[in-house]
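Coordinates in review
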Amino acid sequence: MCPQKQPDGHSSRERADDYCRLAAAQGRYRYEWLGQRSTGEEFWGEILLTPVQMDTHTLLHAVWRDITPLKMAEQRRRESEEDKQRALDAAGVGTVMYTLGSKEVVLDERARTLLGLPPDQARCRTPKLSGKCTPKIWTKPARF
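So, how was this worked out
Residues numbered from 1 in each chain as written. Predicted model: local features only at pLDDT ≥ 70, side-chain atom pairs only at ≥ 80, totals over all residues. Heavy atoms only, no water. Helix = DSSP H or I, 4+ residues; strand = E, 2+ residues; numbered from the N terminus. Buried < 20%, exposed > 50% of the residue type's maximum accessible area, 1.4 Å probe, protein only. Contact = heavy atoms within 4.5 Å. Areas by Shrake-Rupley, 256 points an atom, 1.4 Å probe, with all protein chains shown as cover. Pairing = 2+ DSSP bridges. pLDDT = per-residue confidence, 0-100. Axes fitted to C-alpha atoms, helices over the stretch in contact; angles between N-to-C directions.

Focus on the overall build of the protein chain
Looking only at helices and strands, the protein chain features five helices and six strands. The secondary structure elements of the protein chain, listed N-terminal to C-terminal, are α-β-β-β-α-β-β-α-β-α-α. Counting the 144 residues in the protein chain, one finds 22% classified as buried. Within the protein chain, counting contacts between residues at least 6 apart in sequence, those at least 24 apart form 19% of the total. Accessible surface, the protein chain as shown: approximately 11000 Å² in total, 55% of it carbon and sulfur.

Observations regarding the pairing of strand E1 (residues 29–36)
In this sheet, strand E2 (residues 42–54) lies alongside E1 in antiparallel orientation, the contact comprising eight bridges. When the sheet's bridge partners are listed, Tyr31 is paired in E2 with Ile47. Between E1 and E2, which pair antiparallel one after the other, the connecting turn spans five residues, and Gly40 there sits at a positive phi close to 95°.

Overview of the confidence of the model for the protein chain
Of all residues in the protein chain, 83% attain a pLDDT of 70 or more, and the chain-wide mean is 84. This model gives residues 134–139 a pLDDT under 50, and the stretch forms three contacts once residues within four places in sequence are excluded.

What to know about the sheet that holds E1
In spatial order, the strands read E1-E2-E3; together these three strands make up an open sheet with antiparallel pairing. Both edges of this open sheet fall to E1 and strand E3 (57–66), since each of them pairs with a single strand only. Taken over all neighbouring pairs, the strand axes of this sheet differ in orientation by 35° on average, direction set aside. Here helix H1 (residues 12–26) sits on the sheet and contacts E1, E2 and E3; the angle it forms with E1, its principal contact strand, is near 160°. Each of E1, E2 and E3 touches helix H2 (residues 68–91); the most contacted strand, E2, lies at about 135° to it.

Here it is in structure tokens:
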């Protein structure tokens, strides 16, 4: 049902024992687990363990949900972000992100360098940037 080791390097048996103890101590425990199908194919599951008292015995009830598609989407997003960052680094450009209505701008390291902002100023309110991001003539309303 699982590979010998989990991705964190610990044996699956040790991790399973740890999680069972945590569920018993906390009343429930939720975690992600690398499983293995009978075909040998690995898959990701989210497991919720809940101790249930049955007469004189305590059973651990497990709800197991396959989250492989979610994990694959997360991996593709991370790879896409890494590819984007490599392309931006190679082009020597920075990124400035502004969420409409937030009045806050988030700049990456290259954008802060290009704008002459200190390294610790990754987030700032838009008025602080008005003189740095646009020429002064652009800050005045256009007349038609």
